[in-house]
Amino acid sequence: MEKINKDMTLKSIVISNPSRYRVLEKYRLDYCCGGNKTLEDACFDKSLDLEKIITEINNLKKDDTQVDVDNLSLTELVDHIDSTHHVFMKKEIPEILALLDKAVNRHKTDDLIKLNEIFHTLVDDITAHLEKEEKILFPAVRELEEFGEIKSIACFDKSTNPLATVANPINQMEMEHDAVAGLLKKINTIIDKDDFKQCTTLEILFNKLKGLEEDLHRHIHKENYVLFPKAIEKEGSSNCSCK
Ligand SMILES: [Fe+2]
Ligand SMILES: [Fe+2]
């Protein structure tokens, strides 16, 4: 595998080999919405040992279970995101809500009540976000790849809206990703506290929340840094007047 260096951005480290996300997760280096930072700057900001982390990443064995999303077509990529990350989210959310409900009823601490509030906001935001991607953006991306233009989705109709472009919903999705990342940070500040570790329900709940967070990081990374730039590039090349 190609070695990484300190000047690579966090997003490109994960694109170059998706299994590298594991080391970045371990040190809470943000390859999701903060992926444009170099490894050197990110380690400096968190007072982490840069050389140790470079060595750890470079010593990783290749993991064939990780999909190399950078080599997928646009249609394969949206299908992959939908069938893995969207499906995972829809399965996990009801299970976490049930555990949270049980935990809040049993313990009624201020932190758990706050966690419950934040998670419900996250669920509302994510549910609406996934629906927009599945009903508008992903079908538009599939059409862009198949036809070189978006034919059947009303909000992209250039005859009624000459400024309609795939970059508009993408900008909106990126803003929503930032909002989700902010909520995940708030959840983390609560579940990082040790005083919840005495209860099996809480232990299962917090492990599930951590799993959801990790999956969302990978999900958002694939959309922000692989899918969105490629979709915008595809639309730009399709609209080129020299063709
Ligand atoms: Fe998504
Ligand atoms: Fe998204």
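For every chain, the first residue of its written sequence is number 1, and the numbers climb from 1 along that sequence. Chain letters and ligand numbers both follow the written order, the letters beginning at A and the numbers at 1. Selection of residues for local features in this predicted model requires a pLDDT of at least 70, selection of side-chain atom pairs for listing and counting requires 80 or more, and totals for whole chains, interfaces and linings are taken over all residues. For the side-chain quantities, the full set of heavy atoms in the structure was used; hydrogens and water were omitted.

**Student:** In this structure, what is going on with helix 6 (residues 110-147)? I would like to understand it.
**Tutor:** Each turn of an α-helix holds 3.6 residues, which means side chains three or four residues apart point in the same direction. Helix and strand assignments follow DSSP, with helices taken as H or I runs no shorter than four residues and strands as E runs no shorter than two, numbered in order from the N terminus. In a helix, the anticipated span is given by 1.5 Å times the number of residues less one. Helix length check: helix 6, at 38 residues, gives a terminal C-alpha distance of 54 Å against a target of 56 Å (1.5 Å per residue), a fit within 8%. Among the residues trailing helix 6, Gly-148 stands out with phi positive, at a value near 80 degrees.

**Student:** What's the story with the coordination of the iron ion (ligand 1) in this structure? I'm lost.
**Tutor:** Six octahedral donors around a metal ideally sit at 90 or 180 degrees from one another, while four tetrahedral donors ideally sit at 109.5 degrees. Donor atoms from the polypeptide that bind the iron ion (ligand 1) are His-86 (NE2), Glu-133 (OE), His-219 (NE2) and Glu-223 (OE), placed at 1.9 to 2.2 Å. Look at where the donors of the iron ion (ligand 1) fall in the sequence and you get H-x46-E-x85-H-x3-E. For Na, K and Ca the donor cutoff is 3.2 Å, while for all other metals N, O and S atoms must lie within 2.8 Å; water is not among the atoms, so some sites may look incomplete. The distance between the iron ion (ligand 1) and the iron ion (ligand 2) comes to 3.3 Å, with Glu-133 serving as a donor to both metals. With His-86 in helix 5 (residues 74-107) and Glu-223 in helix 8 (residues 200-238), this pair connects stretches of sequence that are 137 residues apart.

**Student:** Help me understand the side chain of Thr-38, please; the structure alone is not making it clear to me.
**Tutor:** Locating Thr-38 in the fold gives a position in the loop between helix 2 (21-26) and helix 3 (39-45). Any pair of N or O atoms that falls within 3.5 Å is considered a polar contact. Within protein, one atom must be able to donate a hydrogen and the other to accept it, and sequence-neighbouring residues count only if both atoms are side-chain atoms. A polar contact of 3.1 Å, which involves the side chain of Thr-38, links it to the backbone nitrogen of Asp-41. The contact criterion used is simple: two residues touch if any of their non-hydrogen atoms lie within 4.5 Å. Ignoring any residue separated from it by four or fewer positions in sequence, one finds Thr-38 in contact with Lys-6, Asp-7, Met-8 and Thr-9.

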